[in-house]
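Each chain, letter by letter, is given below.
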Amino acid sequence: MKAIKKFFSNFFSSLFRKKSQVKLGLYGPPNGGKTTLANRICEDWLGEEMGSVSAMAHETREVTIKEQVTIKAKDGRELSFNLVDTPGIATKIDYEEFLKAGIKEKDAKERAKEATKGVIDAIKWLDDMDAVVIVLDSTKDPYSQVNITIVGNLQARDIPVLLVANKIDLKKSDIKKIKAAFPQYDVIGISAKHGKNIEEFYEALFEVTK
Amino acid sequence: MSLTLQFIPYAEIEQLDSKARIKKLLDAAKKDKIVLLEGRLTAEEEAQLIQKTMASINKKFKGIELSVIYPDAGNNEFFAKLKSRLVNILLGNRSGLTIIGPANVVKEIKQDPDKIQLLTQ
């Protein structure tokens with residue numbers, strides 16, 4: 001009897017602990033708009049930004065967490081999660097690219113060093129995620145090995161995935177190409193910067209975190 | 001400018017653990033060789049390869065370009081997928097081709113499901 005009581009106690013406590021601490025990760029290559037989306041979510045539901053954004057790659061070089069974000073659906077449902085914004089995953093980082101963008105040599109080298117550490121940390125954090133939103137720039141070619149590696153790792157860990165085709169406000173945007181590259185996933189086209197289709201995105205979050 | 005391609009048959013990495021596989025591939029890339037690996041790494045090994053690459057970046061080595069051709073990509077037929085999985089279980093990830101190019105030699109690898117273009121620096 002004691003054992004049964006303990007089983008149910010552990011089962012329910014782990015169930016509620018998991019639900020109240022759902023970690024939702026934003027992953028993807030650099031400059032896809034992860035932090036812009038994180039800021040959109042935080043502005044919409046907390047009234048504050050999460051991090052700085054820039055046109056230059058590797059602006060986010062540390063994993064950042066915003067705890068207890070609660071979003072509400074039109075029918076009254078609520079979803080709470082800890083939002084984890086991660087540095088863009090890349091296979092190469094060249095400090096000379098930062099020099100070209102006008103950063104001084106010492107700062108460019110430091111930025112490159114931080115960016116490499118950021119990529120390592122972002123991959124380490126994969127194991128802690130309960131659900132992941134992969135943020136892709138819909139103006140770019142989705143057939144990159146980094147994208148395929150991220151998707152493959154999430155599949156291997158059995159982590160639910162929502163694919164976001166960001167920057168649909170831009171002329172070169174092509175959601176069909178992303179859908180063709182990853183036919184196994186639902187793809188939501190949004191503009192995180194301008195808030196376009198963001199309601200559809202929030203609705204999809206309820207599905208992916210079920 | 002001359003390019004050096006190093007072909008690594010799957011048999012050469014088959015008996016190695018993940019750490020040793022990644023070291024072998026990365027060591028070749030650090031010597032400015034373009035590695036052509038028969039077959040492919042697992043998704044987890046690819047992620048580890050990226051992590052090890054990041055940890056190795058310095059003034060001379062700026063990272064890698066990575067691309068994999070999957071021969072069965074785009075074939076969504078149930079039996080084709082089943083056959084591919086059985087082959088993987090029995091023989092390892094021998095199907096496909098993995099290309100690893102040092103970033104200071106290979107600028108970009110353009111990848112479609114069944115075609116790869118290597119753009120050099």
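Each chain carries its own residue numbering, running from 1 in the written order of its sequence. Just so you know, chain letters begin at A and ligand numbers begin at 1, following the order they were written in. With pLDDT at 70 or above as the cut-off, local features in this predicted model cover only qualifying residues; side-chain atom pairs require 80 or more to be listed or tallied, and sums for whole chains, interfaces and linings still use all residues. Side-chain calculation: all heavy atoms of the structure are included, whereas hydrogens and water are not.

### Considering the overall build of chain A
Here is step 1 of the chain: A tally of helices and strands in chain A yields seven helices and six strands.
Here is step 2 of the chain: A helix here means a DSSP run of H or I that spans at least four residues, while a strand means a run of E at least two residues long, and both kinds are numbered starting from the N terminus. Shown N-terminal to C-terminal, the secondary structure of chain A runs as helices and strands in the order α-β-α-β-β-α-α-β-α-β-α-β-α.
Here is step 3 of the chain: Here the globule rule is a power law, 2.2 Å times the number of residues to the power 0.38, and the radius of gyration is based on C-alpha atoms. Taken against the 2.2 N^0.38 rule, which gives 17 Å for 210 residues, the C-alpha radius of gyration of chain A at 18 Å falls within 12% of a compact globule.
Here is step 4 of the chain: Summarising its shape, the C-alpha atoms of chain A cover approximately 70 × 35 × 35 Å along the three principal directions.
Here is step 5 of the chain: Sorting the 210 residues of chain A into buried and exposed places 49% on the buried side.
Here is step 6 of the chain: Considering only contacts in chain A between residues 6 or more positions apart, those separated by 24 or more positions represent 71%.
Here is step 7 of the chain: Every accessible area reported is derived by Shrake-Rupley at a probe size of 1.4 Å, with residue values counting cover from the shown protein chains alone. Counting only carbon and sulfur atoms, one obtains 51% of the accessible surface of chain A, whose full area is about 11,000 Å².
Here is step 8 of the chain: When the 34 positive and 31 negative side-chain charges of chain A are each reduced to one mean point, those points stand 3 Å apart. For every residue, the accessible area (1.4 Å probe, protein chains only) is compared with the maximum for its type, and the residue is labelled buried under 20%, exposed over 50%, or partly exposed between those bounds. By definition in these notes, contact holds between two residues if any of their heavy atoms fall within 4.5 Å. Positive charge is attributed to Lys and Arg, negative charge to Asp and Glu, and no charge count is given to His or to the chain ends. Here the site of a charge means NZ on Lys, CZ on Arg, CG on Asp, or CD on Glu.

### Overview of unusual backbone geometry
Residues and elements named next belong to chain A.
Here is step 1 of the chain: In this structure, Asp158 takes a positive phi of about 60 degrees despite not being glycine.
Here is step 2 of the chain: Positive phi, close to 70 degrees, is recorded for Lys167, a residue that is not glycine.
Here is step 3 of the chain: Residue placement: Lys167 occurs in the loop between strand S5 (161-166) and helix H6 (175-181).

### Focus on the pattern of salt bridges
All names here are of chain A.
Here is step 1 of the chain: A pair is scored as a salt bridge if a Lys or Arg side-chain nitrogen falls within 4 Å of a carboxyl oxygen belonging to Asp or Glu. By the definition in use, this model includes 19 salt bridges over all chains.
Here is step 2 of the chain: A salt bridge links Asp44 to Arg40; the shortest N-O distance between them is 4.0 Å. Here Asp44 pairs with Arg40, and both are found in helix H2 (residues 34-45), just four residues apart, close to one helical turn.
Here is step 3 of the chain: On the accessibility criterion, Arg40 (18% relative accessible area) is buried.
Here is step 4 of the chain: Of the charged contacts in the structure, one is a salt bridge between Glu78 and Lys72, with a shortest N-O distance of 3.9 Å.
Here is step 5 of the chain: A residue is classified by how much of its surface remains accessible, and Glu78, at 51% relative accessible area, is exposed.
Here is step 6 of the chain: Salt bridges sharing common partners tie together Asp75, Arg77 and Glu203.

### Comments concerning the interface of chain A and chain B
Here is step 1 of the chain: Each partner contributes to the interface: chain A provides 23 residues, whereas chain B provides 24 residues.
Here is step 2 of the chain: Buried area adds together the accessible area that both of two parts lose upon being put together, with accessible area traced by a 1.4 Å probe. Taken over both partners, the interface formed by chain A and chain B buries close to 2,000 Å², and the fraction arising from carbon and sulfur atoms is 59%.
Here is step 3 of the chain: Put simply, chain A and chain B have three salt bridges between them.
Here is step 4 of the chain: When the shortest N-O distance is used, the salt bridge between B:Lys62 and A:Asp94 registers 3.8 Å.
Here is step 5 of the chain: Think of a polar contact as two N or O atoms within 3.5 Å of one another; within protein, one of them needs to be a possible hydrogen donor and the other a possible acceptor, and neighboring residues in sequence only count if both atoms come from side chains. Where chain A meets chain B, there are nine residue pairs in polar contact (both at pLDDT 80 or more).
Here is step 6 of the chain: Ranked by residue count, the leading element in the side of chain A that touches chain B is helix H5 (residues 145-156) of chain A, at six residues.

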